[in-house]
Amino acid sequence: MKRFAVHVWLAALICCICLPFVTLHVGAAPCASCTSATLTVEERALWQGIVNARASAGLLALTVDPATVALARDRSTDMARHHSFGHVSSAGTTFLDMMPAYGLTGQLAGETIQRNNYTDPAGEAARGLIASPEHHAILFDPHYRIGGVGSATGNDGIHYFTIIVIEP
């Protein structure tokens, strides 16, 4: 339970736009579970960046989970709709509070969020999340096996991304 609390605490501290500091391995094999039926183009690009970086670090791939994708999309949509950026939704709940409504449970769970208005928003989000020590600690935790990614764009052109990872 302590690992869970630490990751939630780390996730709550991360409410900033991270600048890109690393290069992704673009030539890596595509994510087998990332189909157009499950992820949008932006979501697939961000997810693939994380999957590639985890593989380069010798970690197992994360499996895309449809319920986790739905929760991540709802988190991103809420931020885009309300022009807010944080780990607490407009309704005052966190992703942990929302997990049971999506049928999600787990030993450990983490959320990372990112927003930007770059011309390659998903690529910049991936680079920024990977370069940030706090985000990296969550996304590269070897205990996580499943996850989901969600994206939404506000009417002001800002792209919001949420990645949720879970140890089942």
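Being a predicted model, the structure only gives us computed values, none of them experimental. (Residues numbered from 1 in each chain as written. Predicted model: local features only at pLDDT ≥ 70, side-chain atom pairs only at ≥ 80, totals over all residues. Heavy atoms only, no water.)

Enquirer: Which parts of the structure should I look at to understand the sheet that holds strand β1 (residues 63-64)?
Expert: Within a sheet, adjacent strands bond to each other through the backbone by hydrogen bonds, running parallel or antiparallel. Read from one edge of the open sheet, four strands run β1-β3-β4-β2, paired in mixed fashion. Both outer strands of the open sheet, β1 and β2 (108-116), are each paired with one neighbouring strand and no more. Relative to strand β3 (residues 146-153), β1 runs parallel, the two being bridged by two bridges. The residue of β3 that forms the bridge with Thr63 is Ile146. Packed on one face of the sheet, helix α2 (residues 41-56) meets β1, β3 and β4 (159-167) and runs near 140° to β3. Along the sheet face, helix α3 (residues 66-82) touches β1, β2, β3 and β4 and points at about 30° away from the line of β3. (Pairing = 2+ DSSP bridges. Helix = DSSP H or I, 4+ residues; strand = E, 2+ residues; numbered from the N terminus. Contact = heavy atoms within 4.5 Å. Axes fitted to C-alpha atoms, helices over the stretch in contact; angles between N-to-C directions.)

Enquirer: What is the right way to look at the pattern of salt bridges in this model?
Expert: Here the idea is simple: oppositely charged side chains can pair when their charged atoms come close. For the coordinates displayed, the defined rule picks out four salt bridges. Measuring nitrogen to oxygen at the nearest pair gives 3.3 Å for the salt bridge that ties Arg127 to Asp120. With relative accessibility at 18%, the residue Arg127 sits in the buried group. Each of Asp120, Glu124 and Arg127 takes part in one network of salt bridges that share partners. (Salt bridge = Lys/Arg side-chain N within 4 Å of Asp/Glu carboxyl O. Buried < 20%, exposed > 50% of the residue type's maximum accessible area, 1.4 Å probe, protein only.)

Enquirer: Help me understand the packing of α2 against helix α5 (residues 121-131), please; the structure alone is not making it clear to me.
Expert: Each pair of packed helices can be described by the angle between their axes along with the distance between the axes. Packing of α2 against α5 leaves a shortest axis separation of 8 Å and a crossing angle of 30°. The angle between the axes of α2 and α5 places the two elements in the roughly parallel class. Note that α2 runs across α5; the crossing there is right-handed. Packed against α2, whose contacting residues are Glu42, Ala45, Leu46, Gly49, Ile50 and Ala53, the element α5 presents Pro121, Ala122, Ala125, Ala126, Leu129 and Ile130 at the interface. Counted by class, the contact of α2 with α5 contains 10 nonpolar, one polar and one charged residues. (Parallel < 35°, antiparallel > 145°, perpendicular 65-115°, else oblique. Left-handed = near helix turned anticlockwise from the far one by under 90°. Nonpolar A, V, L, I, M, F, W, Y, C, P; charged D, E, K, R; others polar.)

Enquirer: Whenever I open this one, the pairing of β3 confuses me. Can you help?
Expert: Side-chain direction in a regular strand flips from residue to residue, so the side chains alternate between the two faces of the sheet. Of all eight residues in β3, seven are buried; the element is thus mostly enclosed. In the sheet, β3 pairs with β4 via eight bridges, with the strands oriented antiparallel. Within the sheet, the bridge partner assigned to Gly150 lies in β4 and is Thr162. Hairpin connection between β3 and β4: a loop of five residues separates the two successive antiparallel strands, and Gly157 in this loop has a positive phi of roughly 85°.

Enquirer: How should I be thinking about the nonpolar core in this particular structure?
Expert: Among soluble globular proteins, nonpolar side chains are generally buried collectively. Core analysis: the biggest nonpolar cluster contains 23 residues, and Leu46, Trp47, Leu139, Ile163 and Val165 have the highest contact counts within it. Elements supplying a minimum of two residues to this core: α2, α5, α6 (133-139) and β4. Not counting chain neighbours up to four residues away, the residues in contact with Leu139 comprise Ile50, Arg54, Thr112, Leu129, Ile163 and Val165. (Core = buried A, V, L, I, M, F, W, Y, C linked by side-chain atoms within 4.5 Å.)

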